[in-house]
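One letter stands for each residue in the lines below.
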Amino acid sequence: MSLFIIVALPFLGALLPGLMNTAGRAACAGVTFTVTAAALIGLLTNAPAVLSGQVVTAGFEWLPLLGLNVTLMLDGLGFFFACLILGIGLLIITYARFYLSRDDNMGEFFTYLLLFQGAMVGIVLSDNILLLLVFWELTSLSSFLLIGYWKHLPEGRQGARMALTVTGMGGLAMIGGMLMLGQIAGSYDLSVILQNREAIQESPLYLPALILILLGCFTKSAQFPFHFWLPHAMAAPTPVSAYLHSATMVKAGIFLMARMWPVLSGTPEWFVIVTTAGLVTMVLGAVIALFKHDLKALLAFSTVSHLGLITMLLGTGTAFGAMAAVFHILNHATFKAALFMSAGIVDHEAHTRDIRRLGGLRRLMPVTFVIATLAALSMAGIPLLNGFLSKEMMLEEAWRTELYGAPWLVPALATLGSLFSAAYCFRLIGHTFLGPVRDDYPARPHDPGAGMWLPPAILVVMVVVIGIAPFLAEPFVKLVTASVLGEAAEVPKAYFKIWHGLVPALYMSIAAVVGGLIVMAIFAPMLRLWDAAPRPEAKAIFDRLIAAVVRLAERIALPLHNGAFTRYGAVFAVTVFVVGYYAWSTGTVGPATRAPQPADPVAIAGWLMLVAATLGMVFLHRNRLLSLILIGIVGLMVSVGFVFFSAPDLAMTQITVEVVTIILLLLALNFLPNRTPIESTVLHRTRDAVVSVAGGLAATALAYHYLLRDAVVTPISEFHLANSYKGGGGTNVVNVILVDFRGFDTFGEIIVLGIAALLIYALTEALLNGPVRARLLNRLPDQPRAGDMHPMMMVILTRVTMPVVLMVGFFIFLRGHNEPGGGFIAGLVVSIAVVMQYMASGFGWASARLRYPYHGIIGTGVLIAGLTGIGSWFVGKPFMTTDFTYVRIPPFNEFELATAMLFDLGVFLTVVGAVMLSLESFSRLARRAHMPDVEHPMDIDPSRGDPPVASVPTPAKEGV
Amino acid sequence: MMNATALHDIALIVAFVAIGIAQIMAMIRLVIGPDTGDRILALDTMVVNAIGLIVLLGIAQGTQVFFEAALIIAMLGFVSTVAYARFVLRGDIIE
């Protein structure tokens, strides 16, 4: 199966669980399982090629100029990780099906899980590092959603935020590092980068690139000092912890270190940074894990510790270390996922994960006991289990590693880490399963159904099989190691054996296990000591850090963004004024190339009215209704002005927008007092006056300047005029520009328009569902109201006008391509026709006759426009290439059909939907409790035969 | 004896002046009020005059494309007047 399909399957499949949600939990989990299984099978079809040492590739160019191409490659390392992700994914999906309760939204969970899975597979199969970064960020986002899946838990939300902050920050750093790496190598393709070891390591940018990339890896893989997010992410449901935080996501950082190992490792910088971070993490994680009482927290810190171990092995920079790391990744994934799932089972059945409240579960949950014990013993490094093998290799590697000139340091710390590791494993077994049966469990523990214990059991079988017969895993691990090493080093010859003879590693191992038993024996006094000792609380530090950053941001942002529009306007106007004046006074000013035209008295009168209305606005703006009326004059005179300058399209647009705006503002004014209160000081107002006068004069000067000169030598309008008919098939240049030349712009604009309308809708919905609802419903009008809600004359008039207006709208739409008009104006005209009905016959009456929801109309419009654009792909043209032809259907005249018209239809529908949705949302706010929506279009309707008095709400009833 | 074109021109000038003065007077009414009803009516008159101005402009420049703008204003200009009136009378324009 093509690599594309393997990566795309989880993403496409992510659509399914949501759809299957209503079909039941089994169907929902089943479809997720099938998608993952299909991807895994697809991966396995590539196994023969990979196992024979080939590298499978697939790719196409996406943004070649940026070096961002969709190139995928599958080598041993990628195959190994993809197997882990998809294979363990299957087990987790099965487990999650039985773990999640009926209250949990399973479709949502599996959607997130598949998104995450796709992103992870994308990371391990990416050949292009920019593509890898995209998937990397996707894992951060999807893991955020998964950790915060239980939205009602504050710990879940906080943990998710913390994880996103830390890993997102690391991801940002990594972007920088990767860009540097790409600059050095001259390509963003891994296959090229991996060939350039010398060039990269000699570059002066090597160290910054290394540090930035390692920041990304360390945050993702929870290395000290970024380890703190992982335990807090344990607020997630257990399947998430088992999947993300043991087997896959936290291994992404390690994967990347392994991927970059051939080019980045082997230098002293790499050795010191990576080995130190790994060692510290390993020891620290193991020590903290011992004293955690929450099963999952214990496992989380043990994961931190084991990730440290793997990091340290990669840090040593030797081939043997890399092989041990690969082997331990495999082993850790098996036993740790099994342990997490066991912890989940205990939590699920006993209703607590607190070790202090558990104990004696051996007799009550025998199956879980066997699974968890085998996995934990493997983690402790007991022979005949797989953890022992890789831990031995780790100790052997540590024995040979010398850090900071002290040959004893690494072996001693590695032994110490193993000692605590063994100790917490023993504590996990001893304090949870052994000991006497208690009678105060929160719930009666018992073994779960096979669906929950089978997935960890399968993993434990692998733990035992690899542990007893390591030669089975050896060829595969060596294959993966070979692809990690690349050409930088040879695969070590060492064989995987249980018995290596009396080597130092064996003594260290024995010391660790015996030490672990001793620690267990003296655990109680140690715990008292630990509890008494002061230690930094990572979450508190993190919270303080975030608070400090927020304060800093506020200190910078708030003075600039204080919410006062006058301040933004003043800053902007003054800046433009100063910069413009500088440009004007230092640049060369050409002579005037045009002569002023004579002004006729009508134009002067119009201009005077504009000026008078504007001046009136300045002095009367505190009266809101009056200023709206004055704006009406401005709009009217501007429309006439547009006609005067031969731009009828603009005039039509202006007048229709004017009407819609006035209706919208009147709807808003209903909730506002009549007068704007004076809120600023005299000084402020003087400042604003000076700034606005200066700005106005400057704008006038600029306009006058350009009226007398040509702005550019050849204006673009000449191109438009020349090509409008030839290329776009329309003689209305304005419309051709909108739907053809700059169709992509228009497409973006209608999407924005639709989003804005939906936002207005969402805001009003939020208001109506919030505490404001009661106040809105019981609000009293601030002035006496006239009696007639829906006067008969207006109803009849608007009813008669409606078809006429619709016809005009239709006409304007159809001929828009060649004569003034088009989808935008037609949309406005039609929505005004509909608004008239709302105003005349009332909200309830009009809504009841609404057949299509406005959201749907917006969506249809955007879809039609988009599909029209996509349509040109099918004839091999770029997005939004238009075509047109002339058809003749008798008895009509020959008329033109252009694909641009279909696009214009999209514009039309979006405009109608957006205008109506925003107006409707506003008028919904004005519903009131004591004013029921009437079914009748008119208050007084003789044809109904009602007694007129009953149906007329009297002014007295309407509340004064 | 003046010819038709000259008469046409004179008629145009007279019409322009008349409508221009009407527009200015309507505007004065709008400013002095005294109450909101007067102002709304004044604005409505201004809309009517604007239609006239646009038609006259079309005649003066000898083009038909302006008439649609006049049509649109004639057809939809009253909606804002109605909206204002409803606002004054009922406060809520869609109820």
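Residues numbered from 1 in each chain as written. Chains lettered and ligands numbered in written order. Predicted model: local features only at pLDDT ≥ 70, side-chain atom pairs only at ≥ 80, totals over all residues.

Undergrad: What exactly am I supposed to notice about the overall build of chain B here?
TA: Of regular secondary structure, chain B possesses 3 helices and 0 strands. The secondary structure elements of chain B, listed N-terminal to C-terminal, are α-α-α. A globule of 95 residues ought to have a C-alpha radius of gyration of about 12 Å, yet chain B, at 17 Å, is considerably larger. Among the 95 residues that make up chain B, the fraction classed as buried is 42%. Pairs at least 24 residues apart make up 42% of the contacts formed inside chain B by residues separated by at least 6 positions. (Helix = DSSP H or I, 4+ residues; strand = E, 2+ residues; numbered from the N terminus. Rg over C-alpha atoms; globule rule 2.2 N^0.38 Å. Buried ≥ 20, exposed ≤ 12 C-beta atoms within 10 Å, placed from the backbone. Contact = placed C-beta atoms within 7 Å.)

Undergrad: Can you walk me through the overall build of chain A in this structure?
TA: Helices and strands together make up the secondary structure of chain A, namely 42 helices and 4 strands. In terms of principal-axis extent, the alpha carbons of chain A reach across some 110 × 75 × 70 Å. Evaluated residue by residue, chain A yields a buried proportion of 46% over its 960 residues. A fraction of 79% describes how many contacts in chain A between residues 6 or more apart in sequence connect residues 24 or more apart.

Undergrad: How do you make sense of helix 29 (residues 601-620) of chain A when you look at a structure like this?
TA: Since the α-helix turns once every 3.6 residues, residues separated by three or four places project in the same direction. When the terminal C-alpha atoms of helix 29 of chain A are compared, their 28 Å separation across 20 residues agrees well with the 28 Å that a helix rising 1.5 Å per residue should span. For helix 29 of chain A, the full list of buried residues reads Val602, Ala605, Gly606, Met609 and Ala613 of chain A. The buried residues of helix 29 of chain A all sit within an arc of 100° when viewed along its axis, so they share a single face. In helix 29 of chain A, the exposed residues that point more than 90 degrees away from the buried face are Pro601, Ile604, Val611, Leu615, Val618 and Phe619 of chain A. On its buried face, helix 29 of chain A sits against helix 30 (624-644) of chain A together with helix 1 (4-32) of chain B. (Expected span 1.5 Å × (residues − 1). Arc of directions from axis to C-beta.)

Undergrad: Please explain the interface of chain B and chain A as it appears in this structure.
TA: Of the residues lining the interface, 40 residues belong to chain B; the matching set on chain A comes to 47 residues. Going through the elements one at a time, helix 1, helix 2 (36-61) and helix 3 (65-90) of chain B are the ones with two or more residues in the side of chain B that touches chain A. Looking at the side of chain B that touches chain A element by element, the count peaks at 18 residues for helix 3 of chain B.

Undergrad: Where do I start with the packing of helix 18 (residues 319-350) of chain A against helix 21 (residues 386-400) of chain A in this structure?
TA: The axes of two packed helices give the description: the angle between them and the distance between them. All names here are of chain A. Between helix 18 and helix 21, whose axes approach to 9 Å, the crossing angle comes to 150°. As summarised for this structure, helix 18 and helix 21 are arranged roughly antiparallel, according to the angle between their axes. Where helix 18 crosses over helix 21, the handedness of that crossing is left-handed. Counted together, Phe320, Gly321, Ala324, Phe327, His328, Asn331, Thr334 and Phe335 of helix 18 and Asn386, Gly387, Leu389, Ser390, Met393, Met394 and Glu397 of helix 21 form the full contact between these two elements. For the contact of helix 18 with helix 21, the class distribution of residues is 7 nonpolar, 7 polar and 1 charged. (Axes fitted to C-alpha atoms, helices over the stretch in contact; angles between N-to-C directions. Parallel < 35°, antiparallel > 145°, perpendicular 65-115°, else oblique. Left-handed = near helix turned anticlockwise from the far one by under 90°. Nonpolar A, V, L, I, M, F, W, Y, C, P; charged D, E, K, R; others polar.)

Undergrad: What am I meant to see in unusual backbone geometry here?
TA: Only a minority of non-glycine residues have a phi that is not negative, and only a minority of peptide bonds are not trans. All names here are of chain A. Here Phe224 and Pro225 are connected by a cis peptide whose omega angle stands at 5°. Here Pro225 is to be found in the loop between helix 11 (206-220) and helix 12 (229-232). For Leu384, which is not glycine, the phi dihedral falls at a positive 75°. Locating Leu384 in the fold gives a position in the loop between helix 20 (366-380) and helix 21.

Undergrad: Just to check I follow, could you spell out the pairing of strand 1 (residues 56-63) of chain A for this structure?
TA: Within a regular beta strand, the side chains point alternately toward one face of the sheet and then the other, so they alternate between its two faces. Residue and element names in this part refer to chain A. Here strand 1 runs beside strand 2 (residues 68-74); their pairing, made up of 7 bridges, is antiparallel. Counterpart to Glu61 in the pairing with strand 2 is Asn69. Hairpin connection of strand 1 to strand 2: 4 residues between the antiparallel strands, including Gly67 at a positive phi of 80°. (Pairing = 2+ DSSP bridges.)

Undergrad: Hey, could you run me through the domain arrangement of chain A in this one?
TA: The figure often quoted for interface size is the accessible area lost as the parts come together. All names here are of chain A. With domains assigned, chain A is organised as domain 1 (265-521), domain 2 (562-584 + 596-709) and domain 3 (732-948). Contacts between domain 2 and domain 3 engage 13 residues on the former and 15 residues on the latter. Considering only residue class, the side of domain 2 that touches domain 3 consists of 9 nonpolar, 3 polar and 1 charged. (Domains from an automatic or database assignment.)

Undergrad: Sorry if this is basic, but what is going on with the packing of helix 35 (residues 743-769) of chain A against helix 41 (residues 899-925) of chain A here?
TA: Residue and element names in this part refer to chain A. Contact geometry of helix 35 with helix 41 gives a least axis separation of 9 Å together with a crossing angle of 20°. With respect to helix 41, the axis of helix 35 lies roughly parallel. Two packed elements cross with a definite hand, and for helix 35 against helix 41 that hand is left-handed. Within the contact between the two elements, helix 35 uses Gly743, Thr746, Ile750, Leu753, Gly754, Ala756, Ala757, Ile760, Tyr761, Thr764, Leu767 and Leu768 and helix 41 uses Phe903, Gly906, Val907, Thr910, Val911, Gly913, Ala914, Leu917, Ser918, Ser921, Arg924 and Leu925. The residue makeup of the contact of helix 35 with helix 41, split by class, is 14 nonpolar, 9 polar and 1 charged.

Undergrad: Help me understand helix 3 (residues 25-45) of chain A in this model?
TA: Residues and elements named next belong to chain A. Across its 21 residues, helix 3 extends 30 Å between first and last C-alpha, which sits within 8% of the 30 Å expected from 1.5 Å per residue. Those residues of helix 3 lying buried are Cys28, Ala29, Val31, Thr32, Val35, Thr36, Ala39, Leu40 and Leu43. Those residues of helix 3 that are buried are in contact with helix 1 (3-13), helix 2 (15-20), helix 5 (76-99) and helix 6 (106-125).

Undergrad: Explain the environment of Asn3 of chain B to me, please; I cannot follow it from the model alone.
TA: The residue Asn3 of chain B is located in the segment before helix 1 in this model. Given 7 C-beta atoms within a 10 Å radius, Asn3 of chain B is considered exposed.

Undergrad: Can you help me understand the environment of Ala11 of chain B in this one?
TA: Residues and elements named next belong to chain B. With respect to the helices, strands and loops of the structure, Ala11 is situated in helix 1. Given 12 C-beta atoms within a 10 Å radius, Ala11 is considered exposed. Sequence separation between Ala11 and Asp92 is 81 residues, and the spatial gap between their C-alpha atoms is 45 Å.

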